[in-house]
Amino acid sequence: MRRVMERILNLLAFLLTADRPVTADEIRQTVAGYDQDSDEAFHRMFERDKELLRSMGIPLELRPTDVWEVEFGYSVDPERYRLPEVDLTDEERLALAIASQAVRLGGHTVGPEALMKLGGLGPAGGGEPLGAELGMRAENLSTAFEAATERQVLRFRYRGRSRVLEPYGLLHQRGHWYLIGKEGGEIRAFRMDRADRFEAGEPGAFERPPGFRLQAAVPDEPWAIGDQAVTATVRFDERVAWWAERQLGGSVERAEDGGVVATIEVANPAAFFGWLITFEDSAEILTPEDLRQRFIEQVAP
Amino acid sequence: MSRTAERLARLLSMVPWVIEHPGAPLDEVCERFGYRRDELVADLNLVFVCGLPGYGPGDLIDVYLDEREVTIEMADYFARPLRLEAGEALGLVAAGTMLMATGQASPALERAVDKLTSALGVTDELAIEVAAEPELVGVLRQAAEEHHPVEIVYTAVGDGSTTTRIVEPWLVFTTLGNWYVTGFCRLAGARRVFRVDRIRTATPLRERFEPPAEPPEPDVTYVASPEDAVAVIELDPPAYWVAEYYPVEIVEQRDDLMRVRFFASDPSIIARLMLRLGTHGRIVEGDEAQAATDDLRRRILARYGVTISQ
């Protein structure tokens, strides 16, 4: 391993300081460790090393060495290699390290490599009594996230159809990730777990409206998503009143027997009924009558 | 990543830090980058035989190493660590944003996230909303941190029963849009997970408990047990979301129909699901779940003044 590491460090030092693409031949003749006797041995070794550099996220590129594009060489752009200055104090770095161990994406926390880039690992054994599982592996999420920050047009499949989106960002809400952006002049939200085969285009392809809020693209309550809202009044018995009140916030009126009557805007009856059923027979729609009838039909189809 | 890649990745983060801190104490380098002393010395010995073509004294990296300290010079090209990969950047920003959304982040974390996002050029491309339960989450988190048991009044999601119990809280966490606390429940005499929005009151006690040596996972791992209610449910396409939401076992899947085996700690959970599905779902196996569904339907209809004949 020692010889491999030496060779790769020399290669990387060379590529980071060469201000032009360098051919494989030039690397073989110049960089210590590549002076192999046979062509085949060199190429095998060089292929392995390129693979290793790329697996670490090093931006190794193949580019023409001249304008006629007859010959190609390798380059690592120092600007793309380097981490921009973040300048964290030790206290800030440790706070971020602890947070990163408390929050998981699909069962995984951020690896130690990321923390080392920022100046070192956090304390061993976590220690944060607050945690989160954000429920999805990072692969597709990071492609979409990078496309949003780099302003790359994103192509993907969604429920069997191809979509082309200018991505504005990712929103995690009620346990799900939504990809939000503009498609055909309209703002749309897509469930990330139903999307796949992501392909990102070139950076800087569109402008994101300044001050755009992702939350504005997805309504707060599932039953508020829909075309026309009706105002319903619902009675919750004393036994469940605390729970209804906690979920609904302010718009409730207390009855004498300890129950509450809540006023709720309903635009999506199916989602609303699903929620209401969790109260079993301790809740009742009082008005309007047709919503009441539809609920009865839902329960006894 | 291969072991070589991992070792190189660590070295390429360690070298910039040492370059920036001439005379860096070896102990601190070991702690920051997770090295044993002999591993660190081996990596430093490797660095100083590397450099630029020519590989003469003026081309190689200079490493000054003694018993206590190290200095690295002549390696400007390694003066900065490698940029964060997209997945790493997302993970760090998501972790910080998540804790900030709970209102439980320290000022140091807020500053860290602020610096990180501006360095990475992230403006508002990531937003996390949490089902906020600020007051109780705060109380429970503090109790977990200080190892105080809490007395909770809890209404079970399954059967709706309300109990008062004393819990030693280990971890407060959020997943699938809900907040949970996990810890040792003295009433059950075992580890339990409670949904925070189902806790009516939480009162920390004065005494202290011994926390577990291994921190628990922030996950509601549902393990089917022999006492569980089981039903095989037939779903029409509009109800296929059930297979995405719940940890079901897919028995059969066709374009126009899907059969799933659904496990729940209480039959009433299946009953509520069935009423919610309406005509789009049918129980094809599971007498207990069917009875619970019929019972729930009858009770709700009675509330609306409708009686049905069986």
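Caption draft 1: View of the pairing of strand β12 (residues 260-266) of chain A. All names here are of chain A. By the alternation rule, side chains of β12 split into Val260, Ala262, Ile264 and Val266, which are all buried, and Val261, Thr263 and Glu265, of which none is buried. The pairing of strand β10 (residues 230-236) with β12 spans 7 bridges and is classified as antiparallel. Along β12, the bridge assignment pairs valine 234 with alanine 262. Where strand β11 (residues 252-254) meets β12, 3 bridges bridge the pair, whose relative direction is antiparallel.

Caption draft 2: Inspection of helix α10 (residues 289-299) of chain A at higher detail. Among the residues of α10 of chain A, Leu291, Phe295, Gln298 and Val299 of chain A are the ones counted as buried. An end-on view of α10 of chain A places all buried positions within 90° of arc, on one side of the element. Away from its buried face by more than 90 degrees, α10 of chain A exposes Glu289, Asp290, Gln293 and Glu297 of chain A. Of the surrounding elements, those touching the buried residues of α10 of chain A are β10, β12, α9 (269-277) and β13 (283-287) of chain A together with α8 (267-277) and α9 (287-303) of chain B.

Caption draft 3: Main features of the domain arrangement of chain B. What the domain assignment reports for chain B is domain 1 (3-78), domain 2 (86-120), domain 3 (134-204) and domain 4 (229-303). Each of domain 1 of chain B and domain 2 of chain B has a C-alpha centre, and the two are 29 Å apart.

Caption draft 4: Broad picture of the sheet that holds strand β12 (residues 258-264) of chain B. Residue and element names in this part refer to chain B. Spatial ordering of the open sheet is given by β11-β12-β10-β13, a layout of 4 strands whose pairing is antiparallel. Taken across any chain shown, the strands that pair with only one partner, and hence form the sheet edges, are β11 (249-253) and β13 (281-285). Direction aside, neighbouring strands of the sheet carry axes that sit 30° apart on average. In the sheet, strand β10 (residues 229-235) pairs with β13 via 4 bridges, with the strands oriented antiparallel.

Caption draft 5: Broad picture of the sheet that holds strand β1 (residues 24-25) of chain B. Reading across from one edge, β1-β3-β2 (chain B) is the order of the 3 strands in this open sheet, with antiparallel pairing throughout. Lying at the two open borders of the sheet, with one neighbouring strand each, are β1 and β2 (62-65) of chain B.

Caption draft 6: Structural view of the interface of chain B and chain A. Listed by partner, the interface residues are 89 residues for chain B and 92 residues for chain A. With 11 residues, helix α4 (residues 86-101) of chain B is the largest single contributor of residues to the side of chain B that touches chain A. Here the residues of the side of chain B that touches chain A are counted per class, giving 48 nonpolar, 18 polar and 23 charged. One ladder, built from 3 bridges, connects strand β6 (residues 161-173) of chain A with strand β4 (residues 126-128) of chain B; its direction is parallel. Each bridged residue has a counterpart across the sheet, and for histidine 172 of chain A the counterpart in β4 of chain B is isoleucine 128 of chain B.

Caption draft 7: Up close: the packing of helix α7 (residues 138-150) of chain A against α4 of chain B. Axis separation between α7 of chain A and α4 of chain B bottoms out at 8 Å; the angle between their running directions is 90°. By the angle class used here, α7 of chain A and α4 of chain B are roughly perpendicular. For the pair formed by α7 of chain A and α4 of chain B, the contact residues are Ala138, Leu141, Ser142, Thr143, Phe145 and Glu146 of chain A on the first element and Ala86, Gly87, Leu90 and Gly91 of chain B on the second. Looking at the contact of α7 of chain A with α4 of chain B residue by residue, the classes come out as 5 nonpolar, 4 polar and 1 charged.

Caption draft 8: Quick peek at unusual backbone geometry. In the segment running from threonine 287 of chain A into proline 288 of chain A, the intervening peptide bond is cis, with an omega of -10°. Here proline 288 of chain A lies in the loop between β13 and α10. Positive phi, close to 50°, is recorded for tyrosine 55 of chain B, a residue that is not glycine. Mapped onto the fold, tyrosine 55 of chain B is located in the loop between α3 (37-47) and β2. With 14 C-beta atoms packed within 10 Å, tyrosine 55 of chain B lands in the partly exposed category. At histidine 147 of chain B, a residue that is not glycine, the phi angle is positive and equals roughly 60°. Structurally, the position occupied by histidine 147 of chain B is in the loop between α6 (134-146) and β5 (150-155). A residue is classified by how many C-beta atoms lie within 10 Å of it, and histidine 147 of chain B, with 15 of them, is partly exposed.

About the cut-offs
- Residues numbered from 1 in each chain as written.
- Chains lettered and ligands numbered in written order.
- Predicted model: local features only at pLDDT ≥ 70, side-chain atom pairs only at ≥ 80, totals over all residues.
- Buried ≥ 20, exposed ≤ 12 C-beta atoms within 10 Å, placed from the backbone.
- Helix = DSSP H or I, 4+ residues; strand = E, 2+ residues; numbered from the N terminus.
- Pairing = 2+ DSSP bridges.
- Arc of directions from axis to C-beta.
- Contact = placed C-beta atoms within 7 Å.
- Domains from an automatic or database assignment.
- Axes fitted to C-alpha atoms, helices over the stretch in contact; angles between N-to-C directions.
- Nonpolar A, V, L, I, M, F, W, Y, C, P; charged D, E, K, R; others polar.
- Parallel < 35°, antiparallel > 145°, perpendicular 65-115°, else oblique.

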